[in-house]
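Coordinate inspection notes
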Amino acid sequence: MVGVKMAAAAAASIRERQTVALKRMLNFNVPHVKNSTGEPVWKVLIYDRFGQDIISPLLSVKELRDMGITLHLLLHSDRDPIPDVPAVYFVMPSEENIDRMCQDLRNQLYESYYLNFISAISRSKLEDIANAALAASAVAQVAKVFDQYLNFITLEDDMFVLCNQNKELVSYRAINRPDITDTEMETVMDTIVDSLFCFFVTLGAVPIIRCSRGTAAEMVAVKLDKKLRENLRDARNSLFTGDTLGAGQFSFQRPLLVLVDRNIDLATPLHHTWTYQALVHDVLDFHLNRVNLEESSGVENSPAGARPKRKNKKSYDLTPVDKFWQKHKGSPFPEVAESVQQELESYRAQEDEVKRLKSIMGLEGEDEGAISMLSDNTAKLTSAVSSLPELLEKKRLIDLHTNVATAVLEHIKARKLDVYFEYEEKIMSKTTLDKSLLDIISDPDAGTPEDKMRLFLIYYISAQQAPSEADLEQYKKALTDAGCNLNPLQYIKQWKAFAKMASAPASYGNTTTKSMGLLSRVMNTGSQFVMEGVKNLVLKQQNLPVTRILDNLMEMKSNPETDDYRYFDPKMLRGNDSSVPRNKNPFQEAIVFVVGGGNYIEYQNLVDYIKGKQGKHILYGCSELFNATQFIKQVKCVFHLLLLTYPKLL
């Protein structure tokens, strides 16, 4: 029986575990029973922006309503008293949040208060709340106070980020600022460690930690090891005992946590990509699993010379419930376009079938109830009609992906992103280019200035030998003529010199993409997607640096790249600075966490890598999730600060 229980629990992903924790919290911290017949207790949910970001990718408004949440309001909004309803709070234990909660107690806004803190609250702040409750004679109304340890955002079953609000506090720029003080750096590291600690509490596992030396990742490892060790030592209050341990997906063996620094690979965040999810993140406004599209609605039928109508903004949630998204988010874009078309055609066939059956039986105007009362020989029709809601949902998802894929395709065609992707893959895998880099940079029709800069930076980072000064000047001139800002290049130049590329430039494997001819031949005629001229590139699996590091450490391979990685085991009585792993067996479960920011390209690469490893699991996490545009912006900032701090640098 125990074996069955553990096997069932082993399937729980971090998304499921965080969702279960949230549902328990919304159920007044009592485990939520799915099949309970009674009406839920109606309540209001009060959250801050942090709480909103944690809940929104996991629970829909409908799910909240099913849990009895009639209203969900921001803590710092103007809220009217609702004296006969309990309130569940889900907020960070910050000074201003505590003040506002105390104000709510004084104003007697709700019948009772269930206070849940995203991260652990300090004793002094807890006393502030107690004093406010006493002063407001509301002690009896404060029903429960809980530390939830949920200070991270889960985006996929196997992916999480630390935060969305205040993400600049833990950004690449914040960690790599040349003018950062020791105290500021401590704060950045403590923020990252607090979230990682919450992550492992929710996971119910104490990891074995490996990290590179002399980087921000090492600082995180040291602090996290200390925090886990202290918690384990305090047996009475340890968060890793009893019910929580052994209940996660990591119940049979402890997981490996690999902490890597963004600076080990600056090429991947700049890379143009070819898979659906990564493309959506690169070219559209996509964050916390929601994509925002601008749809131009043409010109109104109004007198000549009227102004064009304002663009409508449309938002779509790309969630685990969306089977098409789950199946195709890691697929090459041409495959996605083809699949959308096939889905559309199969939907049309089903829709016509329902209409045809209805008209044969003269039931066009009848409602479904009347239809279902007919005798058995109409069973076929009944089943067709009963599947209508399912069909409508299918239609909604097809429309969604038609709109999103069309928006992506517009970018691909306008900026020749297929050409950039193919070139960068060739550069990263040291394959000969069939057209010179200078030609693409100088081609006014190929991409934006930023696209050109990204391509050149990847070339510069990947080159075994830096281009000669004369060549570099030629490239710089072409980039400047194309409208590029050269600051990112200057920064990468400094970074490359500073790193001295001890282990030579990160190698990106030696396989490459294969062009399958132009897409117009692949797409059937009459398709929604006019893909003339766009290359149908087929991806081949090649391990990116982060995946390669993980592979070395997870499989216990000896490799100069990872042999001197530090080793921490928070369960060992005495911490020892060692790079010699005590555990000689390969790991079954691993978490890769990138300090300084991650991206969907790396995530997808890890997902593809683990597909070939039976029975193994990987989670990908990062301090923030950025696309190339956001990353370049941060790089420019760091370079600007470098110049201010060290004016003689150039």
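Residues numbered from 1 in each chain as written. Predicted model: local features only at pLDDT ≥ 70, side-chain atom pairs only at ≥ 80, totals over all residues. Heavy atoms only, no water.

For clarity, the threshold we go by: UniProt positions are given in the numbering used here, feature names are shortened, and annotations may be inferred rather than shown by experiment.
As recorded by an unreviewed UniProt entry, the chain carries the name Sec1 family domain-containing protein 1 and is attributed to Equus caballus. In its Function (unreviewed entry) section, UniProt records this for the chain: "Plays a role in SNARE-pin assembly and Golgi-to-ER retrograde transport via its interaction with COG4. Involved in vesicular transport between the endoplasmic reticulum and the Golgi." In its Sequence similarities (unreviewed entry) section, UniProt records this for the chain: "Belongs to the STXBP/unc-18/SEC1 family."

Quick look at the overall build of the chain
Quick note on the threshold: Here a helix means four or more residues in a row that DSSP labels H or I, a strand means two or more in a row labelled E, and each is numbered from the N terminus. Only protein chains enter the accessibility calculation, which uses a 1.4 Å probe; a residue is then buried when its area is under 20% of its type maximum, exposed when over 50%, and partly exposed in between. Using the Shrake-Rupley algorithm and a 1.4 Å probe, accessible areas are obtained, with residue cover drawn only from the displayed protein chains.
Each helix and strand counted, the chain has 24 helices and 17 strands in total. Counting the 650 residues in the chain, one finds 50% classified as buried. By element, 52% of the accessible surface of the chain is carried by carbon and sulfur atoms, the whole surface being about 30700 Å².

Digging into the pairing of strand E17 (residues 617-622)
We apply this condition: Two strands qualify as a pair provided that DSSP identifies no fewer than 2 bridges between them.
Among the six residues of E17, five are classified as buried, and the element is accordingly described as predominantly covered. Relative to E17, strand E7 (residues 159-161) is paired through three bridges, and the arrangement is parallel. Of the residues in E17, the one forming a bridge with Phe 160 is Gly 621. Bridge analysis of strand E16 (residues 589-595) against E17 gives six bridges, and the strand direction is parallel. Paired with Phe 593 across the two strands is Gly 621, which belongs to E17.

Let's talk about unusual backbone geometry
With a phi close to 50°, Asn 166 is a non-glycine residue in the positive phi region. Positive phi is not limited to glycine here, since Met 556 has a value of about 55°. Mapped onto the secondary structure, Met 556 falls in the loop between helix H22 (545-554) and strand E15 (566-568).

Focus on the environment of Glu 425
Turning to its location among the elements, Glu 425 is positioned in helix H16 (residues 417-428). Using a relative accessible area of 8% as the deciding quantity, one classes Glu 425 as buried. Through-space distance from the C-alpha of Glu 425 to that of Ile 458 is 9.6 Å; in sequence the pair is 33 residues apart.

Examining the packing of aromatic side chains
What describes a pair of aromatic rings is the distance from one ring centre to the other and the angle between the planes of the rings. Basically, it comes down to this: Stacked, tilted and edge-to-face are the three classes assigned to paired rings of Phe, Tyr and Trp, where Trp is represented by its six-membered ring and a pair needs centres within 6.5 Å; plane angles under 30 degrees give stacked, over 60 edge-to-face, the rest tilted. A positively charged side chain is recorded as over a ring if its NZ (Lys) or CZ (Arg) lies within 6 Å of the ring centre. The angle to the ring normal must also be within 35 degrees.
In the structure shown here, the tally under the stated rule is 25 aromatic pairs. Between the aromatic rings of Phe 152 and Phe 160, the centroid separation amounts to 6.1 Å while the plane-to-plane angle is 80°, which identifies the pairing as edge-to-face. Phe 160 gets classed as buried once you look at its relative accessible area, which sits at 0%. Here Tyr 459 and Tyr 475 contribute two aromatic rings whose centre-to-centre distance is 5.7 Å and whose plane-to-plane angle is 55°, an arrangement assigned as tilted. Here Tyr 475 lies in helix H19 (residues 469-481) and Tyr 459 lies in helix H18 (residues 449-462), a separation of 16 residues in the sequence. Each residue in the set Tyr 276, Phe 286, Trp 325, Phe 333, Tyr 600, Tyr 603 and Tyr 620 is aromatic and connected to the rest through ring pairs, giving one cluster. It is Lys 43 that lies over the ring of Phe 28; its NZ or CZ is 5.2 Å from the centre. The ring centre of Tyr 460 lies 5.0 Å from the NZ or CZ of Lys 496, which sits over that ring.

Here's the deal with the sheet that holds strand E12 (residues 312-317)
Note the following rule: Angles here are taken between N-to-C directions and fall from 0 to 180 degrees, while the axes themselves are lines fitted to C-alpha atoms, restricted in helices to the stretch in contact.
In spatial order, the strands read E10-E11-E12; together these three strands make up an open sheet with antiparallel pairing. The strands lining the two open edges of the sheet, one partner per strand, are strand E10 (285-287) and E12. The mean inter-strand angle of the sheet, taken between neighbouring strand axes irrespective of direction, is 20°. Bridge analysis of E10 against strand E11 (residues 290-295) gives three bridges, and the strand direction is antiparallel. Considered in E11, the bridge of Phe 286 is made with Val 291.

Quick notes on helix H6 (residues 123-135)
This is how it is decided: Expected helix span is computed as 1.5 Å times (number of residues minus one). Taken from the helix axis, the directions to the C-beta atoms give the arc we talk about.
Between its first and last C-alpha atoms H6 spans 18 Å; for 13 residues at 1.5 Å apiece the expected length is 18 Å, and the two agree. Within H6 the residues assigned to the buried category are Lys 125, Ile 129, Ala 132 and Ala 133. Seen from one end, H6 has its buried residues packed into an arc of 100°, which puts them on one side. Residues of H6 that are exposed and point more than 90 degrees away from the buried face comprise Arg 123, Leu 134 and Ala 135. Note on H6: the residue one or two positions beyond its end, Ser 137, has a positive phi of about 50°.

Things to note about the packing of H22 against helix H23 (residues 600-611)
Stated precisely, the cut-off is as follows: Should an angle lie under 35 degrees it is considered roughly parallel, over 145 roughly antiparallel, and from 65 to 115 roughly perpendicular; all remaining angles are considered oblique. The handedness criterion is simple: a crossing whose near helix is rotated anticlockwise from the far helix by less than a right angle is left-handed, and one whose near helix is rotated clockwise is right-handed. Whether two residues touch is decided by their heavy atoms; if any such pair falls within 4.5 Å, the residues are in contact.
Where H22 contacts H23, the two axes come as close as 9 Å, and the packing angle between them is 40°. Taken as axis vectors, H22 and H23 run oblique relative to one another. Helix-helix and strand crossings are classified by hand; for H22 and H23 the assignment is right-handed. Between H22, through Val 546, Thr 547, Leu 550, Asp 551 and Met 554, and H23, the contact on the second element is made entirely by Glu 602, Asn 605, Leu 606, Tyr 609 and Ile 610.

Notes on the sheet that holds strand E6 (residues 153-156)
An order of E6-E7-E17-E16-E9-E8-E15 is seen for the seven strands of this open sheet, with the pairing classed as mixed. Pairing within the sheet leaves two strands with one partner each, and these edge strands are E6 and E15. Neighbour to neighbour, the strand axes of the sheet diverge by 20° on average, direction disregarded. Across three bridges, strand E8 (residues 208-211) lies against E15 in antiparallel orientation. Bridged to Ile 209 within E15 is Phe 568. Lying over the sheet, helix H8 (residues 182-203) contacts E7, strand E9 (256-261), E16 and E17, oriented at roughly 165° with respect to E16.

Comments concerning the pairing of E9
E9 sits mainly inside the fold: six of its six residues count as buried. A two-sided burial pattern is seen for E9, the buried positions comprising Leu 256, Val 258 and Val 260 on one face and Leu 257, Leu 259 and Asp 261 on the other. Both E8 and E9 contribute to a ladder of four bridges, which runs parallel. Within E9, the residue paired with Ile 208 across the bridge is Leu 256. Relative to E16, E9 runs parallel, the two being bridged by six bridges.

Thoughts on a negative patch on the surface
The criterion, for reference: Within the patch definition used here, like charges are joined within 9 Å and nonpolar side chains (Val, Leu, Ile, Met, Phe, Trp, Tyr) within 5 Å, considering only residues with over 30% relative accessible area and no salt bridge. Here, a salt bridge means any Lys or Arg side-chain nitrogen found within 4 Å of an Asp or Glu carboxyl oxygen. Asp and Glu count as negative and Lys and Arg as positive, but His and the ends of the chain are not part of the count. Think of each charge as sitting on NZ of Lys, CZ of Arg, CG of Asp or CD of Glu.
A cluster of like negative charges, contributed by Glu 95, Glu 96, Asp 99 and Asp 128, occupies part of the molecular surface. Residue contributions to the negative patch peak at three residues, all from helix H5 (residues 95-106). One can find Asp 128 in helix H6. Since its relative accessible area comes to 35%, Asp 128 is described here as partly exposed.

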